[in-house]
Every structure is written in C-alpha cells, then in structure tokens.
Amino acid sequence: MTARIIDGKQVAQNIRAELAAEIAHLKERGITPGLGVILLGDDPASQSYVRGKERTCKELGIYSDNHHLPAQTTQEQLLELIGRMNNAPAIDGILVQLPLPGHCDEKKVIEAIDPVKDVDGFHPVTIGRMMVGESTFLPCTPHGIIQLLVRSGVTIQGAHVVVVGRSAIVGKPITNMLLQKKEHANATVTICHTRTKDIAYHTRQADIVIAAAGRPDTITADMIKEGAVVIDVGVNRIEDPSRKKGYRLVGDVDFETVKEKASLITPVPGGVGPMTITMLMYNTVESAKERASE
Ligand code: NAP
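Residues numbered from 1 in each chain as written. Predicted model: local features only at pLDDT ≥ 70, side-chain atom pairs only at ≥ 80, totals over all residues. Heavy atoms only, no water.

**Side note on the overall build of the protein chain**
Step number 1: From N to C terminus, the protein chain includes ten helices and eleven strands.
Step number 2: Against the globule reference of 19 Å for 294 residues, the protein chain gives a C-alpha radius of gyration of 19 Å, in line with a compact fold.
Step number 3: Here the C-alpha coordinates of the protein chain stretch approximately 55 × 45 × 35 Å along the principal axes.
Step number 4: In the protein chain, of all internal contacts separated by at least 6 residues, the share reaching a separation of at least 24 is 71%.
Step number 5: Here the protein chain has roughly 14300 Å² of accessible surface; of this, 52% comes from carbon and sulfur atoms.
Step number 6: Averaging the locations of the 33 positively and 35 negatively charged side chains of the protein chain gives two centres separated by 2 Å. (Helix = DSSP H or I, 4+ residues; strand = E, 2+ residues; numbered from the N terminus. Rg over C-alpha atoms; globule rule 2.2 N^0.38 Å. Contact = heavy atoms within 4.5 Å. Areas by Shrake-Rupley, 256 points an atom, 1.4 Å probe, with all protein chains shown as cover. Lys, Arg positive; Asp, Glu negative; His and termini not counted. Charge placed at Lys NZ, Arg CZ, Asp CG, Glu CD.)

Take a look at the structure:
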C-alpha cells in the first residue's frame, strides 16, 4: 500500500477561506478581530514563526498589534504590556512567542494572560476547561491535528490512537482531546514517552499514530501496522550541505518507508505545520465572535 499524502497546506487554506468569510461577516457588524503579538529577543526561529503569524493576520484581515521587544525587556515590562492588551477592547487574542529569555518566568507570563484572550490555549484555566470537556480555546497544534484527520475522512471515534510524546503543548493535550466523549474524539488513546518499555509494541496496534517526539526516525515502517494513519508533528533540522541554508527539515517519521505501509501520512514540511498558525487565527476569530455577541 502507498499512502495518500495529507496536504496540510491545502487543508489550512480551506480553513482560512472559511475564516475569511467569517471575518468579512464580523467586519460588516463593525468588529475587526485583533491579535496582540509579543516577541522578545531575536531568536531566528521565533522571529520566523512570528512573521508567519503576522503575515497570516494581514492576509485574513485580522488586526495585529505587534510588539518586537529587546531580549533585555524586563518581566515587569512584559507583564505590564500583557495587562494593557488584556484591557484593550480591540484585542481578542494575545500571543506571547515562546521560549522567552531566561530571566522571564514563562509560567507567570502565561498566567498573566486573561483566559478569555488565551488563543494559544496554554493558560492553566484553559487547559483545565479543555480537560473537563468545557467549551474553550483548543491548543493550536493538537486542534490542527484533529482538523487534518477529520477533513481527510479519518474516523476518530473508536480508533486506537498511539501518541508518541507527552509534552504540555502537543502530546498531553492531543491525548486529552482525543479521549473526550465528543464528536471528533471518542478514541482509545495510548501515550508513549522515553520511559515506555517497548514503543513499537504499542504503535503496531495503532489505527492512528501521532509522532511528537522531536527526534528523526522515531517511527519506522516496522513500527506501524499496514494501513495505519500517520501524523508527523516533529520538526527537526538535519544538516544538508546540498541546501543553501545548510540544513533541511524532517519529521519524526521515516517518511519514505512508512508511506509504503500507511494509508494516510502527513509530510514534513507541509503537514501539521501550516495548521498551527491557522488554528491560532481560528481561535482569534472565535474570540472576536464572542465579543460581537456581547
Ligand atoms: P518536547 O517538549 O521536546 O517533548 C518531546 C516528547 O517526546 C517528550 O515527552 C519525550 O519524552 C518524548 N520523546 C522524545 N524522544 C522520544 C523517543 N525516542 N521515544 C519516545 N518518546 C520520545 O517536544 P514538543 O514541544 O512536544 O514537540 C515535539 C516535536 O513537534 C518537535 O519536533 C517540535 O518542533 C514539533 N512541533 C511542531 C509543531 C508544528 O506546528 N508543526 C508544533 C509544536 C511542536 P519524555 O517526556 O520522557 O522526555
């Protein structure tokens, strides 16, 4: 079997087209969705992520209030800016690009964001609401994964999903979202990590494998069953002198061999990546809709 490739760029574009229509509708009612974006320092990866978010806001007609601040910005200054954004009626969502420089306490900074504007879905209140199944902002990468599955016609209900990785931003939230007693969930979920005794034993039983380990070749063809759906969240830089940049990006899955056994697979790049920013925009629009209904 050769897998059908899930085109994350296309799925993201479809969702963005739906969002553009919702934004136009909101603007007719005098509401422009707004996203506050805060970046500290000049880490090239963070700068590139933030540029992507600002560009997408512009494309969709979302107002973005961008603050690119020096790495030496104090935690007090940062908290003060978040406080102002919390109170700004034109801002529906606040995004603080992580990681922050070492002198800032990330936990404190995230907790300073008003949960009603927590479009990244990292605030403990948002996470708690998600866990108990209340309506809330869903974290962007896990929500993007679910959208990729649903829009590719994959039945999640009743499926056995094996998640490799247990981070707070991918592994734990996707596990939790998939086991909710809800539409687009109701899966049986196994979660693996570095202390799991025999990862292949688990992944071979999976209808859906979600790899979020941050290590190339974590999932190889011998570790999946014929016809499994494979979602590769990993983004790893591999040295490649033949490329202008000197590196290329690969996922956590050995794509070339796994695609011969899977039924559906996401590529890296072009799979989960484009979904993350899109779901951030989705949350910002949801927040603006909430404002419009007040
Ligand atoms: P993380 O915080 O480093 O967590 C990695 C998790 O994977 C940990 O739970 C770790 O286990 C587990 N792990 C590492 N190596 C493993 C192995 N060989 N076998 C089994 N488990 C292993 O990473 P993250 O933030 O979740 O990100 C994971 C990957 O996704 C990264 O490559 C990241 O760049 C990518 N990512 C992509 C997007 C996107 O939009 N495309 C968004 C977020 C993250 P322990 O807990 O035991 O250490």
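Next comes the rest of the write-up.
**Comments concerning the nonpolar core**
Step number 1: Leu35, Ile145, Ile210, Ile231 and Met281 are the most contacted members of the largest nonpolar core, which totals 50 residues.
Step number 2: Looking at this core element by element, the count peaks at eight residues for helix 10 (residues 273–292).
Step number 3: Each of two domains, domain 1 (30–114) and domain 2 (140–274), supplies a minimum of three residues to this core. (Core = buried A, V, L, I, M, F, W, Y, C linked by side-chain atoms within 4.5 Å. Buried < 20%, exposed > 50% of the residue type's maximum accessible area, 1.4 Å probe, protein only. Domains from an automatic or database assignment.)

**Describing empty space enclosed by the protein**
Step number 1: Enumeration over the complete set of coordinates arrives at one cavity of 30 Å³ or more.
Step number 2: Put simply, the largest cavity is a space of about 50 Å³.
Step number 3: Around the largest cavity, the lining residues are Ile94, Leu95, Val96, Leu98, Ile110, Ile113, Asp118, Asp120 and Phe122.
Step number 4: Per-element accounting of the lining of the largest cavity gives the leading share, three residues, to strand 4 (residues 93–96).
Step number 5: For the lining of the largest cavity, the per-class residue count stands at seven nonpolar, no polar and two charged. (1 Å grid on protein atoms, 1.4 Å probe; cavity = no way out; pocket = protein on both sides within 12 Å on 5 of 7 lines; lining within 4 Å. Points joined across faces, edges and corners; volume = space filled by probe spheres on them. Nonpolar A, V, L, I, M, F, W, Y, C, P; charged D, E, K, R; others polar.)

**Some details on the site of the ligand**
Step number 1: The ligand sits among 20 residues. The nearest are Arg166, Ser167, Thr194, Val235 and Thr276.
Step number 2: Threonine 194 has a polar side-chain atom sitting 2.4 Å from an oxygen atom of the ligand.
Step number 3: A distance of 3.4 Å separates an oxygen atom of the ligand from a polar backbone atom of valine 233.
Step number 4: The fraction of the free accessible surface of the ligand (930 Å²) that becomes covered by protein chains is 71%.
Step number 5: Among the residues forming the shell around the ligand, the class breakdown is eight nonpolar, ten polar and two charged. (Near = heavy atom within 4 Å. Polar contact = N/O pair within 3.5 Å; in protein donor to acceptor, adjacent residues only side chain to side chain.)

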